[in-house]
Every structure is written in C-alpha cells, then in structure tokens.
Amino acid sequence: MHKPLHAIFKHGKLVSAMLLAGALAGCAQSVDMKEQQVSLTQFVSDTQIGEQNEGASENNWWRRLDSPQLNNLVTDALAMNHDLKTSQLQLDAAIARLGAARADYYPQGSLSVGAERSSLDGAITRQSNAGVNVNWQLDLFGRITALVDAANAGALNQAEQLRALQVEVVSAVVQGYVSYQGNVQKQAIIEMQIEALEQSIDVLKARVEEGVANELDLNRTLAQLKQQQALIPELSYLQYRDLATLAVLTGRLASDITLIEEPELLSHEFSVSFNKASEAMALRPDITSALYQFSQAYSLSVAASKALLPDISLAGFAGVVSLTSNDLEDTVQQWQVTPKVEWSLLSYPALLAQRDAQQFLSEAAYSDYQSKVLKAISDSELTLQRLVKQQQQLSYADQRFNYANKAFGQAQAMYQEGQIPYLELLDARQDVLIAQENAVDSTIASLQAKVSAYQAFNGRWSFELNNL
C-alpha cells in the first residue's frame, strides 16, 4: 500500500521537494526544467502512489476493451475534435511568437530606395538614393535571452495544454462509450422486468377474478410496472445524451453517429496497470504546464531585472546617393556606424515597480505549481480509492446476482413440483432481474473508475497519442 498524503507532510518530504526552486531566485538565468522534473519524479516516487498497480504499459489502454467501434471513435476524436484543433492553432501561434523573440538576437533594419524631382525658380533638380539601415541591440546583459526563454516556456506550456486536452478528450470518449453501452444493457433488463411484471399482472388478474387473490397485490404490481415503464424514456434520453457527447467529441452531429449494441464490452476483462506510476504522475500535463508557467514568469522576472541595466546597440547605415539623376547614376557612397548606449535612469521608479510586480507574479506561478502537484497527488490517491471501492461493490453485486439466480432456479424446481404458486416464481424472476440491473450499474461504475485511473496517471500514455 502507498503512503497516505498526510504521512508525506509529517516527514517533511513535501516541504523539501517543493522548496528546491527557492535557490533559483536571484542567481539563475532560467529555471532548470530537467532538475525540476527529476526532483518531482523522486518526490512522487516517495509517495508510492500507484505502485500496487504497476505492471504492463498503459499506452493505448482503451484498446484492451477490444472494441473496434471505440478505437475508431478515439481516432476520430483526436483527428476531428474542434477544441483540439483550436489548441493546436494556439500552439502554432506560440511557436511563431518564439521565432519572433529569437529574431531579436540578430540585426534589425530596413532597405530604402527613393527618388526626388523638384523645381525651384524654373530650375529642375533630380536626386536618388538607396541604402540599408541596420540596428543591432547587443544582448550583453541577457535581457533578450530571458525574453526568449519566456517565449519558449510559453510555447511549451501551450503544448502541455494541448496534451492535457487530448487526455480529456480520449477519456471522455471512453467514458461516453461505456455509458452508452451500459444504458443499452440497462434498457434491455428493464424491458425484461416489464415483461415479467406484465406476466405477473395477468396471473393476478385471473386469481382476483377467481377470488383467490386480492386487489392489493394486483395494484401494487401495477404500480411496480408503471415505475419500470417510466424508466424507459429516461434511458432513451441517456442513450441520446451519450451519443450527443460522443458526436461533439468527434466533431459531428448526433444524427451522424450510429453505434451497434456491444453487450460483451461490460464483461470484457479490463484491468488497470502502469509501467512506471511515479513517472506517469510526474509527467502529467497539468503539472508540467504549471511548471512551464512558472518558468515563463521567472524568465520575465529576469528580463524585468535586466531592464534596469543599460541597453547597448549599434546603428549603421550604408548606401549610395545620386545628386543629378533619378536612376542612381553617378552615385557616391556613404556609410555610418553609431554605437549607442541608453540607460533609462529617469524611468527607474517605474522599472523597479515592474520588476517587483514580475517577481510577485513569479512567486505566484511557483505557488500555483506547488498547488497543482498537491492536487494531482490527492486526485490520484482519491481515484485509486474509488477504484478499490467500485471493485468491492462489483464483487458484492455479482454475488447478489448469483444468489438471486440460484434462488430463481430453486423456485423453478419448486414450482414444477407444485410446492410454490406461479406468482412466487415470477417474484423470484423479478429479483434476478433487479440484481442483474444492479450488477450492470456496478460494472459501469467500475469501468468508469478504471478510466478515471488511467486519466489520472496519464503522464506516459499521453505522449503516445500523436503516434496513433
């Protein structure tokens, strides 16, 4: 069993792991992402969460359900989901901004070509020129580097947000598909219950007419029938809701999606296993996204500090001028190089305030990163507890169904021997159907809990989604 979260607090491991980046402030140019990932992986490993489920690789875990329909839905969702397309475009924009930031390392300038013709007191003069203007800001103090680091962290953050959305979409598709197939099975069981109740009502009506039974039993059975019949519209709606959810996830309309019944899905062997649970936790996109947000804020804080130092640049011009022609004939060359130092001494109060503000934002981003780590650990621990609970409830539900089924078999034998009336046989059959419905509910809940477990420990399998 893994250590409970409060034990980690008690031994101080959380504090030591979470304060590793404290030494970064004021001495590092950027956040050491590799060191942070190693420290986080070790910290998660110390919690021992998920170790009891380690085994086979979790990559493409939904394929273990052996459902071609489900596999196609996942593939379609990854290819056609509009939210994923939006996030991908936002990632492309972040990469473009990174390219623009890196361009500041190089000289910037413009090319100009001009011609002029003028008249003064009847005398016409012509003049033309062409030249290149160049301005090169030297990154002697690292301000441009810090801005590039911030843009790079922003792009990586957007990539992690895309990965997190992919995890959410895949998990939602599997959960929606399981829910749909479960609701189909539940409707079939309800219809069998209705059939059994209708048979009971026919027998009771005959017994009432014969004076053997009273109308109380008949009315109670009629009430049960109406109760079960009222569930059919609800289950039909739930099936349509599941179809609509799957349609949105796959970029279609509900009318464009058709699924066939797959009753074997609920009885398929499907277990939860992770190749390396600690890595699966430490590489979760919500955690790495928060880490990149902290890295971006920290780099912007460094850039704000560097803004207090002088800016050193070189400005240059090279070109030709023709004083007698518009065609650049009989030109003379000219060039100019101008070193330049700018120091915003008069803006120091504003720059200091901006630096302080950015440092506060950096600290806030790191606090948010710590919070994301704690929430991820708590979420994963809770998910595994839910998994254990649902497995236990499923075991009890299956046992209940087995006992009810045995009782029904005994009732059949006793009815054939004339030991019990037909109405008791129908009651035994009704008990079996109710127990079967409860078992289906528990099976659905157990499958959903397993999907949630894979969703919580998604750090490794989410990297393989783009390789499908």
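Since we're looking at a predicted model, the values are computed, not measured.

Observations concerning the UniProt feature "coiled-coil region" (unreviewed entry) in the protein chain
Within this numbering scheme, the UniProt entry marks residues 187-214 as carrying the feature "coiled-coil region" (unreviewed entry). Structurally, residues 187-214 is divided into 86% helix and 0% strand, and its ends, taken at the C-alpha atoms, are 31 Å apart.

Focus on the packing of helix 11 (residues 348-416) against helix 12 (residues 422-456)
Look at helix 11 against helix 12: their axes get within 7 Å of each other, and the N-to-C directions meet at 160°. Considering the angle they form, helix 11 stands roughly antiparallel to helix 12. At the point where helix 11 passes helix 12, the crossing takes the left-handed sense.

Digging into the confidence of the model for the protein chain
Averaged over all residues, the pLDDT of the protein chain is 84; the fraction at 70 or higher stands at 91%. Contacts for the low-pLDDT stretch residues 1-27, under 50 throughout, to residues beyond four places or in other chains number 48 contacts.

Here's the deal with the sheet that holds strand 2 (residues 123-138)
With antiparallel pairing, four strands are arranged side by side in an open sheet as 1-2-3-4. Only two strands of the sheet have a single neighbouring strand rather than two, namely strand 1 (108-120) and strand 4 (332-342). Strand-to-strand, the axes of this sheet are offset by a mean angle of 20°, without reference to chain direction. Across 13 bridges, the pairing between strand 1 and strand 2 is antiparallel. Within strand 2, the position partnered with Ser 119 by the bridge is Ile 124.

Some points on helix 10 (residues 285-306)
An α-helical segment advances 3.6 residues per turn. Residues three or four places apart therefore align on the same side. Under the 1.5 Å per step criterion, the end-to-end length of helix 10 is 31 Å for 22 residues, consistent within 8% with the ideal 32 Å. Counting buried residues along helix 10, 16 of its 22 residues qualify, which places the element largely inside the surrounding structure.

Here we look at a nonpolar patch on the surface
A surface patch of nonpolar side chains, about 820 Å² in accessible area, is lined by Leu 111, Val 113, Val 132, Val 134, Trp 136, Leu 314, Trp 335 and Val 337. Of all the secondary structure elements, the ones that give two or more residues to the nonpolar patch are strand 1, strand 2 and strand 4. Mapped onto the secondary structure, Val 132 falls in strand 2.

Reading guide: rules and limits
Residues numbered from 1 in each chain as written. Predicted model: local features only at pLDDT ≥ 70, side-chain atom pairs only at ≥ 80, totals over all residues. Heavy atoms only, no water. UniProt positions renumbered as here; feature names shortened; annotations may be inferred. Helix = DSSP H or I, 4+ residues; strand = E, 2+ residues; numbered from the N terminus. Axes fitted to C-alpha atoms, helices over the stretch in contact; angles between N-to-C directions. Parallel < 35°, antiparallel > 145°, perpendicular 65-115°, else oblique. Left-handed = near helix turned anticlockwise from the far one by under 90°. pLDDT = per-residue confidence, 0-100. Contact = heavy atoms within 4.5 Å. Pairing = 2+ DSSP bridges. Expected span 1.5 Å × (residues − 1). Buried < 20%, exposed > 50% of the residue type's maximum accessible area, 1.4 Å probe, protein only. Patch = residues over 30% accessible without salt bridge, like charges linked within 9 Å, V, L, I, M, F, W, Y side chains within 5 Å. Areas by Shrake-Rupley, 256 points an atom, 1.4 Å probe, with all protein chains shown as cover. Salt bridge = Lys/Arg side-chain N within 4 Å of Asp/Glu carboxyl O.

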